[in-house]
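A structural walkthrough
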Amino acid sequence: MVLFLLLAIFLKKGIKRPPDYYAFFIMGIIWLVFGIPLKNYTLSFMGLVFALAGLVNKNKWKENRQRRETLTPGEKKWRMAVLIILGILVLAGLVFFLLAERRAL
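The structure contained in this document is the topic of the report that follows.

Analysis parameters
- The numbering scheme is per chain: residues are counted from 1 as the chain's sequence reads.
- Local features are withheld for residues below a pLDDT of 70 in this predicted model, meaning they are given only at 70 or higher, and side-chain atom pairs are given and counted only at 80 or more; totals for whole chains, interfaces and linings count all residues.
- Side-chain measures were taken over the full set of non-hydrogen atoms in the model, leaving aside hydrogen atoms and water.
- When two rings of Phe, Tyr or Trp (its six-membered ring) have centres within 6.5 Å they constitute a pair, described as stacked for plane angles under 30 degrees, edge-to-face for angles over 60, and tilted for the intermediate range.
- The secondary structure listing takes helices from DSSP runs of H or I that are at least 4 residues long and strands from runs of E that are at least 2 residues long, numbered from the N terminus.
- Note on classification: 1.4 Å probe, protein chains only; a residue is buried when its accessible area is under 20% of the maximum for its type, exposed when over 50%, partly exposed between these limits.
- Only protein atoms enter the 1 Å grid used here, on which a cavity is any set of points holding a 1.4 Å probe that cannot leave and a pocket is any open set flanked by protein within 12 Å on both sides along at least five of seven lines; residues with an atom within 4 Å of a point are listed as lining.
- Grid points are joined across faces, edges and corners, and a volume is the space filled by probe spheres set on the points.
- Charged means Asp, Glu, Lys or Arg here, nonpolar means Ala, Val, Leu, Ile, Met, Phe, Trp, Tyr, Cys or Pro, and polar covers whatever is left, Gly included.
- Angular values range over 0 to 180 degrees, each being the angle between N-to-C directions of two axes fitted as lines to C-alpha atoms, with helices fitted over their stretch in contact.
- Relative orientations are named as follows: roughly parallel for angles under 35 degrees, roughly antiparallel for angles over 145 degrees, roughly perpendicular for angles from 65 to 115 degrees, and oblique for any other angle.
- Should the near helix be turned anticlockwise from the far one by less than a right angle, the crossing is termed left-handed; should it be turned clockwise, right-handed.
- Contacts were defined at the residue level, with two residues in contact if any of their heavy atoms lie within 4.5 Å.
- Identification of polar contacts relies on pairs of N or O atoms within 3.5 Å, with a donor-acceptor requirement for protein atoms, meaning one able to donate a hydrogen and the other able to accept it, and with residues adjacent in sequence counted only if both atoms are side-chain atoms.
- To estimate the expected span of a helix, subtract one from its residue number and multiply by 1.5 Å.
- By arc we mean the arc of the directions from the helix axis to the C-beta atoms, nothing more.
- Like charges within 9 Å and nonpolar side chains (Val, Leu, Ile, Met, Phe, Trp, Tyr) within 5 Å are joined into patches, using only residues over 30% in relative accessible area that form no salt bridge.
- Only the protein chains shown count as cover for residues, with accessible areas throughout obtained via the Shrake-Rupley method and a probe of 1.4 Å.
- Salt bridge, as used here, is a side-chain nitrogen of Lys or Arg placed within 4 Å of a carboxyl oxygen of Asp or Glu.

1. Let's talk about the packing of aromatic side chains
Within the structure shown, the criterion is met by 5 aromatic pairs. Between W31 and F50, the aromatic rings sit 5.3 Å apart at their centres with planes inclined by 90°, giving edge-to-face as the arrangement. You can see W31 sitting in helix 2 (residues 21-35) and its partner F50 sitting in helix 3 (residues 41-56), a full 19 residues away along the chain. W31 gets classed as partly exposed once you look at its relative accessible area, which sits at 30%. What links up through ring pairs into an aromatic cluster is the set Y21, F24, W31 and F50.

And the structure:
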């Protein structure tokens, strides 16, 4: 994860893009909803903060929204690579979880 973070920082250096407040709002709602039943109140609090940040800047939702059509070809490739890597990590996590559950039985 640290290597992935450093790579992302290195590749995005010098590119200034305004924040996508709609994405903040959606992410905040998701974190809030997942944090409450998991009794992870820190996650719920962070979700509330992100949701409020998105709501406060609701007037900027349309102007700062990042859509696939507005991305450069390099950014489209970058996003596709990130989605593939995250998909592989989720699949690997699921496999390891299932293997660990079978050993516990």
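2. A closer look at the layout of surface pockets
In this model, the largest pocket occupies a volume close to 740 Å³. Lining the largest pocket are 16 residues; nearest its centre among them are D20, A23, F24, Q66 and R79. Of the residues that constitute the lining of the largest pocket, the class distribution is 8 nonpolar, 1 polar and 7 charged.

3. A look at the packing of helix 2 against helix 3
Interhelical geometry of helix 2 versus helix 3 gives an angle of 155° and a closest axis separation of 7 Å. One way to sum up the angle between helix 2 and helix 3 is to call them roughly antiparallel. As for how helix 2 packs across helix 3, the hand of that crossing is left-handed. Note on element contacts: helix 3 touches helix 2 through L43, S44, M46, G47, L48, F50, A51, A53, G54 and L55, opposite Y21, F24, F25, M27, G28, I29, W31, L32, F34 and G35. Within the contact of helix 2 with helix 3, the residues separate by chemical class into 15 nonpolar, 5 polar and no charged.

4. Some remarks on the side chain of E75
For E75, the position within the fold is in helix 5 (residues 73-104). By relative accessible area, which is 12% here, E75 ends up buried. Among the polar contacts made by the side chain of E75, one reaches the main-chain amide nitrogen of T72 at a distance of 3.0 Å.

5. Examining helix 3
For helix 3, with 16 residues, the first-to-last C-alpha span of 22 Å sits near the 22 Å given by 1.5 Å per residue. Along helix 3, the residues that are buried comprise S44, G47, F50, A51 and G54. One side of helix 3 carries all its buried residues, which in axial view fall inside an arc of 130°. Facing away from the buried surface of helix 3 by more than 90 degrees, the exposed residues are Y41, T42, F45 and V56.

6. Some thoughts on a nonpolar patch on the surface
Judged by side-chain polarity, L91, L94, V95, F96, F97, L98 and L99 come together as a nonpolar surface patch covering roughly 720 Å² of accessible area. Among the structural elements, L94 can be located in helix 5. For L94, a relative accessible area of 46% puts it in the partly exposed group.

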